[in-house]
Amino acid sequence: MLEERAKLTPDPAWTAYLDNLHITDETPLRDAHFLNGAPSPEGFDGWRETNVYGQRQEGYTTVTIALPLGDITADQLRGLADLARKYVNETIRTTVEQNMVLRWVSEADLIDIYNGLNRLGLAQAGAGTIVDITSCPGTDTCKLGIAASRGLAGELRTRLAEKSMRMDEAVKNLRIKISGCFNSCGQHHVADLGFYGVSRHVGGYTVPHFQVVLGGQWTENAGSYGLAVGAIPSLRIPDVVDRITGRYLADRETGESFQRFIKRIGKAHIKTMIEDLVEVPPHDTHPEFYSDWADPREFTTGDMGTGECAGEVVSQVEFALAAAEREAFEAQVLLDKSEAQTAGERACHAMLRAAQGLTRIRVPDLDDDPNRIVEAFRTHLFDTEDFFDPFGGGRFGQYLFAAHSRDGETYTEETAHHRIEEAQLFIEASYSCYARLQSAPQPAAG
Amino acid sequence: MDIEHINVKLFVERPEQVDMSSYLTVFMEWIQEQAFDELLIDVADYRHVPNGPGVVLVGHEGSYSMDQTEGRLGLLYNRKSPMDGDAKSRIRQAVHAVLSAAERLENHPTQLDTLRFDLRSIQFTMNDRLLAPNTDACYLAFAEALRPSLDELYYTYEIENNTIDLRKRLSVLVKSPQPIKEKVSR
């Protein structure tokens, strides 16, 4: 981040707001009073448990309005504005979890506010729980979207809401966050269970997948980022959630957080738990795997391979990319064992292997020499801009060049973590490049 | 009053029988078939929003949706781009759009046994509070502009009183003892 910031032209606006921080201060509109056991309407207690928390100022609370997938209608907004005028000095805040909050709510007003929200269809309980899923727009509206993050979020929300009443507290309090691509707008990297959209070629078709990201921390101001443990077909992501949360529930130690649990049992073990979900059955018998959530269309049909010659190259590239992915995962496992040096080196090698596999489309006899791999990749895929992400340009290719130029570097846990993230992004960019090359017009088979 | 951004909604007779997820598929089919003389672009799923937009077929000129606003399920045509002609022809175009879509939906193989629209009622909304503020004057002007089209649709009808509220869109609910005339609805 510091490197990226150094490239930017300084702008006074970066710090100007520091002189005016008090502009966001709030004061209460109404005096603090307590509920004192006032009779409450149906649903109030459950809503209060998850959507209300007490402020340090006695008698005042903060109310979270849980917005499903961050959506709210114009009519609901006007109604909410009325409540804000009446109870909290006309101030509403938005949250990074795609909800809204009212602060400085006198506890005695909670029932009236609940009734008001209920009339607006905004009194859904479950704020900050596993059903309160954060999602970016994904393929619904975003040009960068690879998979339907909102579709998946909606599906998970529906399934989890059905179970939430009988769900164990430990699972109920987990956070799920979903992005439609690696750009992280859905904050997948700082979730207990994070997912980001990718795609894979299977039998000439493109199949929507999500990378499963574990180890992220949303507490302590997003204390650490998670890393991807493997790509799973979109259709099977609900099974992934069931398995991992079920295992956490069954095997966690007293008071053990989800992050600690994942670290204790190890990502390698988690990977074996979901390994069978990776397989994509044939299109003929299971066409549902080839569509995305809330989008019944086939994911893409234009990506089907053409010609036998291309088919042969396809299998080699896919093999190499899958091997690179495995290596990047091994690097993660090594990092979990605090073997930072080997982890960083393994991540770099994963990038090299992906570059080699992809470049062999253009240079079939490319050997294993790292210098020749990097140069061939640069000449045949990077300088031609074939590797460029349509929106991100050449930044992922730069990860390979930078890693190669630092050959022999000494890794700390932090730099190894960076290298693994870069390797995962480089490999995903390789998959995307490969898909683009496949969908481009092929020369006639010779 | 300039008639633009008009919305027309037909209500569903037995909403409890409707499977909202089926419209994701139907609307996607309409895009692939280019079912109307309008550019149909994408489908947006808002089923999770209480009393919200439901399932929306987003188009360039206008959007179609199985809409759940105010808890009443119906097929909504939301005209977005400007239209040529006078008020009558614009209203007629929007009515034609919603009726065509309703007929197409009712006859879709997945809807044959479940979906029927109540043609004895139709709702018109001006989806533009700047152009058509919800005032008495605008309400009267809007109702007057609707009459020629309503005369074509119904033998007899009543325009329900509007609730004047500047924060709400100008909306007119029309009810008739008989359904829309056969020759118009088909």
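Residues numbered from 1 in each chain as written. Chains lettered and ligands numbered in written order. Predicted model: local features only at pLDDT ≥ 70, side-chain atom pairs only at ≥ 80, totals over all residues. Heavy atoms only, no water.

1. Focus: the overall build of chain A
Inference 1: The helix and strand inventory of chain A stands at 16 helices and eleven strands.
Inference 2: For a compact globule of 446 residues, the expected C-alpha radius of gyration is about 22 Å, and chain A comes in at 25 Å, within 12% of that figure.
Inference 3: When its C-alpha atoms are laid out on the principal axes, chain A stretches across 80 × 55 × 45 Å.
Inference 4: Relative to its full complement of 446 residues, chain A shows a buried share of 49%.
Inference 5: Here the analysis covers contacts within chain A between residues at least 6 apart in sequence; of these, 66% occur between residues at least 24 apart.
Inference 6: In the structure as shown, chain A presents an accessible area of about 21500 Å², 51% of it carried by carbon and sulfur atoms.
Inference 7: Taking the average place of the 43 positive charges on the side chains of chain A and the average place of its 66 negative ones, the gap between the two points comes to 3 Å. (Helix = DSSP H or I, 4+ residues; strand = E, 2+ residues; numbered from the N terminus. Rg over C-alpha atoms; globule rule 2.2 N^0.38 Å. Buried < 20%, exposed > 50% of the residue type's maximum accessible area, 1.4 Å probe, protein only. Contact = heavy atoms within 4.5 Å. Areas by Shrake-Rupley, 256 points an atom, 1.4 Å probe, with all protein chains shown as cover. Lys, Arg positive; Asp, Glu negative; His and termini not counted. Charge placed at Lys NZ, Arg CZ, Asp CG, Glu CD.)

2. Comments concerning the confidence of the model for chain B
Inference 1: This prediction gives chain B a mean pLDDT of 93; 98% of its residues lie at or above 70.
Inference 2: In the predicted complex, the global pTM is 0.81; the interface-specific ipTM is 0.88. (pLDDT = per-residue confidence, 0-100.)

3. Brief notes about a nonpolar patch on the surface
Inference 1: Nonpolar side chains collect at one region of the surface, where Tyr17(A), Leu18(A) and Leu21(A) lie side by side and expose about 320 Å² of accessible area between them.
Inference 2: Tracing the sequence through the fold places Tyr17(A) in the loop between helix 2 (13-16) and helix 3 (44-51). (Patch = residues over 30% accessible without salt bridge, like charges linked within 9 Å, V, L, I, M, F, W, Y side chains within 5 Å. Salt bridge = Lys/Arg side-chain N within 4 Å of Asp/Glu carboxyl O.)

4. Things to note about the packing of helix 9 (residues 237-251) of chain A against helix 11 (residues 267-274) of chain A
All names here are of chain A.
Inference 1: At their nearest, the axes of helix 9 and helix 11 sit 10 Å apart, and the two run at 130° to each other. One way to sum up the angle between helix 9 and helix 11 is to call them oblique. Regarding helix 9 and helix 11, the two cross each other, and that crossing is right-handed. Residues Val 240, Arg 243, Ile 244 and Arg 247 of helix 9 lie in contact with helix 11, whose contacting residues are His 269, Ile 270, Met 273 and Ile 274.
Inference 2: Per-class residue counts for the contact of helix 9 with helix 11 are five nonpolar, one polar and two charged. (Axes fitted to C-alpha atoms, helices over the stretch in contact; angles between N-to-C directions. Parallel < 35°, antiparallel > 145°, perpendicular 65-115°, else oblique. Left-handed = near helix turned anticlockwise from the far one by under 90°. Nonpolar A, V, L, I, M, F, W, Y, C, P; charged D, E, K, R; others polar.)

5. Points about the sheet that holds strand 2 (residues 60-65) of chain A
The strands making up a sheet associate through hydrogen bonds between their backbones, and the pairing can be parallel or antiparallel.
Residues and elements named next belong to chain A.
Inference 1: Pairing in this open sheet of four strands is antiparallel, and the strands run 1-2-4-3 from one edge to the other. In the strand order of this sheet, the two ends are held by strand 1 (52-54) and strand 3 (93-94), each with one partner.
Inference 2: Pairing geometry for strand 3 and strand 4 (residues 100-106), over two bridges, is antiparallel. Looking across to strand 4, one finds that Thr 94 is bridged to Met 100. (Pairing = 2+ DSSP bridges.)

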